[in-house]
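Topology and contacts: notes
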Amino acid sequence: MEFDSHDEAYSSYKEYARSVGFGTAKLSSRRSRASKEFIDAKFSCIRYGSKQQSDDAINPRPSPKIGCKASMHVKRRQDGKWYIHSFVKEHNHELLPAQAHFFRSHKNSATATDSRVRRKKNGGSGSGSSKLFGAYQNLDCLDGYMRSQHDKGRRLVLESGDAQVLLETFTRMQEENPKFYYAVDLNEQHQLRNLFWVDAKGMEDFNNFGDVVCLDTTYFTNKYRIPLVLFVGSNHHVQPTLLGCGLIADETVYTFVWLLQTWSVAMGDRGPRVMLTDQSNEIKTAVAAVFPRTQHCFCLYYILEKVPRQLEYFSLWNDAFTVKFHKCVFKSWTEEQFEKRWWKLVDKFHVREVEWFQSLYEDRRLWVPTFFRDVTFASLSAYSRAESLNSKFDKYVQGDTSVNEFVEQYKAILEDMYEEEAKADFDAWHEVPELKSPSPFEKQVHLIYTHEIFTKFQLEVLGAAACHLKKESEDERTTTTVYAVKDFEDDQNYVVEWNVKGSEICCSCRSFEFKGYLCRHGIVVLQMSGVFSIPSKYVLQRWTNAARSRKPVSGKLDEVQERVRRFNDLCRRAIILGEEGSLSQESYNIALSAIREGLKQCGSVNHSGEEENVSVERESEPQLDIVISSNKAPRLSETGKEKGTKGKVGFLVI
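Residues numbered from 1 in each chain as written. Predicted model: local features only at pLDDT ≥ 70, side-chain atom pairs only at ≥ 80, totals over all residues. Heavy atoms only, no water.

Details of the overall build of the chain
Within the chain, the secondary structure is distributed over 21 helices and 18 strands. In the chain, buried positions account for 50% of the 654 residues. Taking the contacts inside the chain whose residues are at least 6 apart along the sequence as the reference set, 63% of them involve residues at least 24 apart. Split by element, the accessible area of the chain, about 32900 Å² in all, is 49% carbon and sulfur. (Helix = DSSP H or I, 4+ residues; strand = E, 2+ residues; numbered from the N terminus. Buried < 20%, exposed > 50% of the residue type's maximum accessible area, 1.4 Å probe, protein only. Contact = heavy atoms within 4.5 Å. Areas by Shrake-Rupley, 256 points an atom, 1.4 Å probe, with all protein chains shown as cover.)

Now the structure itself:
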């Protein structure tokens, strides 16, 4: 990386520091004795050097020096260009990327940002800068929001004693399990503004089922007594998983950036492949900034629930509009078809100038099923909240539920969820689902899918008998055939596209996208095409009994089916051994010795030396120190490093 001057080098270092989250200072510079021009300069973190005063961990203002070594040393060549002579990246303190604007060196950084943009527009190099700052450039657009004094003054509205209850609860849960994580965000007056927490099981569930996550802001948006937001996932039994909770002060970009960054830190600095949220410009901005590689989509039921409220002023057209709206949204096979129907719809009902409908069109790629291909929502995006997995939490949270009441039953919520999952796991070990047809598709996933998904898929297999298809077109060049499928059960027509070469199938019902398994219309097309096994890409590992496997199972369905058989058989035998072995100390010792010897021999046979050592005895858990922070996304400080999530009885780990 080269610079035209040492000022440009310092501007670049400041930009890097602002994106990462620390303040900067010009440490030293040196001029040539002959030319009097600068030939050497060193820039550093403002905490560089010896400590001069005590540390104040919750104050976002420029910090005292504490011996940080982070710095950049630049020198000038004879041709006038400046280059990086040395660069020290590591800091000995926490970084504050979301609050970098508080540092004195970054308070007026808009000029530097604008100059960088101009350099890129003028054809400047930019490539080196992109490598250095690329991971944080997406946060540049948030400067205006982050500098808002209005945002900084907000605080979380709690009733008397709520804060103490929260602190005592979190402290107790952390004592019970050191992996319990929580973080707080304080405003300029050191008042509580935002709060986040997640238990160890939530972090484990994200490892296995973090592909699709829903940020549920329903309780906050609907002005519930408790300003609660939830991170919700879906496990392999189609049960909701709680991946984190938050209490927030407002719906500003700052709040959602802090919340998402904090959640990401708790999940190991990772994000989901798909994130579902309400339709909100603030959330949209925050998701794009924090998770630029995540596909952001709006939950469909959020959109559909708002339509009646937007139609109140022309209620006479409500029914007619709803019919046309659903046809446009759910029956458009191509983007061109959607565009044509949309503009015809808004003109017919005179809503072209309605701001909300304009926003719907601008965000069409985030919610219209026509634009969803090669993505699945894992049953988290339903047509109504009552059908959604998120609604499972509604029985615990009502409009008048207080923070104190929610905290008191939080542990009960977790226990209920764990019990439901354990029961589903237990049923999977002891029961084999019954085949209801001679279909090869049903037999293929008989022991692969979990019971819940297999039962749902069975309905699709049986429903294929009520479908009639007709070939519409065929493209020999792309080996793609389009079929029209009449479903007599719901009296609807669908379009199915089948690509033989790529083994890709897509149906206009979008069942695979929304539910994650093949629909009856796709099944009947495969049958008529002479294909009698589901392409492996349409058997999602997250819905299988090997969902927690550390290895991908795509393309190895027969092998997985055989492993599941062996696994289930061993689990049943282990339960019997546990019952017999627990009757006396002598029998316990015999059983324990047999298990240890069996593990040893299996490890030898399977060449598992590279895998994590398995122990039947309880091992010490790695401790996670929780750093409570003000005006920053907190950071996990690991005192132990975990190589992977350990398999426990009932979880198939391949």
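A closer look at the packing of aromatic side chains
Applying the stated rule across the entire model yields 33 aromatic pairs. Summarising the aromatic geometry, the rings of Y13 and Y16 are spaced 6.2 Å apart at their centres and angled 40 degrees between planes, so their arrangement reads as tilted. Of this pair, Y13 and Y16 are both found in helix α1 (residues 6-20), 3 residues apart, which corresponds to roughly one turn of the helix. Of the two residues, Y13 and Y16, neither departs from the other in class, the shared state being buried. For the pair F338 and F371, a centre-to-centre distance of 5.8 Å together with 80 degrees between the ring planes defines the contact as edge-to-face. On the criterion of sequence distance, the pair formed by F338 in helix α13 (residues 335-348) and F371 in the loop between α14 (355-362) and α15 (403-430) is long-range, its members being 33 residues apart. One aromatic cluster is present, formed by F321, F325, F338, W342, W343, F349, W356, F357, Y361, W367 and F371 through successive ring pairs. (Phe/Tyr/Trp six-rings, centres within 6.5 Å; stacked < 30°, edge-to-face > 60°.)

Quick look at the sheet that holds strand β2 (residues 24-31)
Taken in spatial order, the 5 strands make up an open sheet running β1-β5-β4-β3-β2, and their pairing is antiparallel. Across the chains shown, the open sheet's two edge strands, defined by having one partner strand only, are β1 (2-3) and β2. Where strand β4 (residues 71-76) meets strand β5 (residues 82-88), 6 bridges bridge the pair, whose relative direction is antiparallel. Residue pairing across strands places M72 opposite F87, the latter belonging to β5. This element, α1, spans β1, β2, β3 (38-45), β4 and β5 of the sheet and lies at about 15 degrees to β3. (Pairing = 2+ DSSP bridges. Axes fitted to C-alpha atoms, helices over the stretch in contact; angles between N-to-C directions.)

A word on a nonpolar patch on the surface
Taken together, the side chains of L577, I595 and L599 define a hydrophobic patch exposed on the protein surface, amounting to about 210 Å² of accessible area. Mapped onto the elements, I595 comes out in helix α21 (residues 585-605). (Patch = residues over 30% accessible without salt bridge, like charges linked within 9 Å, V, L, I, M, F, W, Y side chains within 5 Å. Salt bridge = Lys/Arg side-chain N within 4 Å of Asp/Glu carboxyl O.)

Examining the nonpolar core
Counting residues in hydrophobic clusters, the biggest one holds 103 residues, and the most contacted among them are W197, L228, W342, W367 and F457. No other element matches α15, which puts 7 residues into this core. Apart from the residues lying within four places of it in its own chain, the contact partners of W197 are F170, F180, Y181, Y182, L228, G244, C245, G246, L247, F406 and Y410. In this structure, Y181, F256, L259 and A266 belong to the second largest nonpolar core, which totals 30 residues. (Core = buried A, V, L, I, M, F, W, Y, C linked by side-chain atoms within 4.5 Å.)

A few points about a negative patch on the surface
Side chains of E415, D416, E419 and E420 sit close together on the surface and give a patch of like negative charge. Summarising the element assignment, E420 is placed in helix α15. (Lys, Arg positive; Asp, Glu negative; His and termini not counted. Charge placed at Lys NZ, Arg CZ, Asp CG, Glu CD.)

Considerations on the packing of α13 against α14
When two helices pack together, their arrangement is given by the angle between their axes and by how far apart the axes lie. Between α13 and α14, the least distance of the axes is 12 Å, while the angle of their chain directions is 175 degrees. Taken as axis vectors, α13 and α14 run roughly antiparallel relative to one another. Contact with α13, carried on its side by E339, W342 and W343, involves F357, L360 and Y361 of α14 and no other residues of that element. Looking at the contact of α13 with α14 residue by residue, the classes come out as 5 nonpolar, no polar and 1 charged. (Parallel < 35°, antiparallel > 145°, perpendicular 65-115°, else oblique. Nonpolar A, V, L, I, M, F, W, Y, C, P; charged D, E, K, R; others polar.)

Focus: helix α17 (residues 451-463)
Think of an α-helix as turning once every 3.6 residues; residues three or four places apart then point the same way. Compared with an ideal rise of 1.5 Å per residue, which puts 13 residues at 18 Å, α17 spans 18 Å between its outermost C-alpha atoms and is within 8% of the ideal. Within α17, burial applies to H451, I453, F454, F457, Q458, E460, V461 and G463. (Expected span 1.5 Å × (residues − 1).)

A closer look at the UniProt feature "domain: SWIM-type" (unreviewed entry) in the chain
The residues that UniProt annotates with the feature "domain: SWIM-type" (unreviewed entry) are residues 494-530. Each end of residues 494-530 is marked by a C-alpha atom, and these two atoms are 20 Å apart; helix forms 38% of the span and strand 27%. (UniProt positions renumbered as here; feature names shortened; annotations may be inferred.)

A few points about the confidence of the model for the chain
Averaged over all residues, the pLDDT of the chain is 79; the fraction at 70 or higher stands at 79%. Ranking the elements of the chain by mean pLDDT puts helix α3 (residues 127-133) last with 29 and helix α19 (residues 520-528) first with 95. Here residues 110-141 is a poorly scored stretch, pLDDT under 50, and it has 32 contacts once near neighbours within four places are set aside; other chains count. Predicted confidence for residues 145-151 stays below pLDDT 50, and this span has 14 contacts to residues more than four positions away or in other chains. (pLDDT = per-residue confidence, 0-100.)

Here's the deal with a positive patch on the surface
A cluster of like positive charges, contributed by K324, K327, K340, K344 and K348, occupies part of the molecular surface. Note that K340 resides in helix α13.

Quick word on the sheet that holds strand β15 (residues 492-499)
Strand pairing within a sheet occurs via backbone hydrogen bonds; the two strands may be parallel or antiparallel. If you trace the 4 strands from one edge of the open sheet to the other, you get β13-β14-β15-β16, paired in antiparallel fashion. Of all strands in the sheet, those bounded by a partner on one side alone are β13 (467-475) and β16 (504-507). Pairs of neighbouring strands in the sheet enclose a mean axial angle of 20 degrees, with direction left out of account.

Overview of unusual backbone geometry
Its identity is not glycine, yet D269 carries a phi of approximately 60 degrees, on the positive side. You can see D269 is positioned in the loop between α9 (253-266) and β11 (274-277). Backbone geometry places S379, a non-glycine residue, at a positive phi of 65 degrees.

Digging into the side chain of D216
Looking at the element boundaries, D216 is found in strand β8 (residues 212-216). A polar side-chain atom of D216 sits 2.6 Å from a polar atom in the side chain of T218. Within the structure, the side chain of D216 is placed 2.9 Å from the side chain of Y302, a separation counted as a polar contact. Among all residues touching D216, those that are not within four sequence positions of it are L228, V229, L230, Y301, Y302, R385 and N390. (Polar contact = N/O pair within 3.5 Å; in protein donor to acceptor, adjacent residues only side chain to side chain.)

A word on the state of the cysteines
For the coordinates displayed, the defined rule picks out 0 disulfides. Between C509, a cysteine without a disulfide, and C507, which holds the nearest cysteine sulfur, the sulfur-to-sulfur distance is 3.5 Å. The structure places no disulfide on C519, whose sulfur is separated from the nearest cysteine sulfur, that of C509, by 3.6 Å. Judged by its relative accessible area of 5%, C519 falls in the buried class. (Disulfide = S-S within 2.5 Å.)

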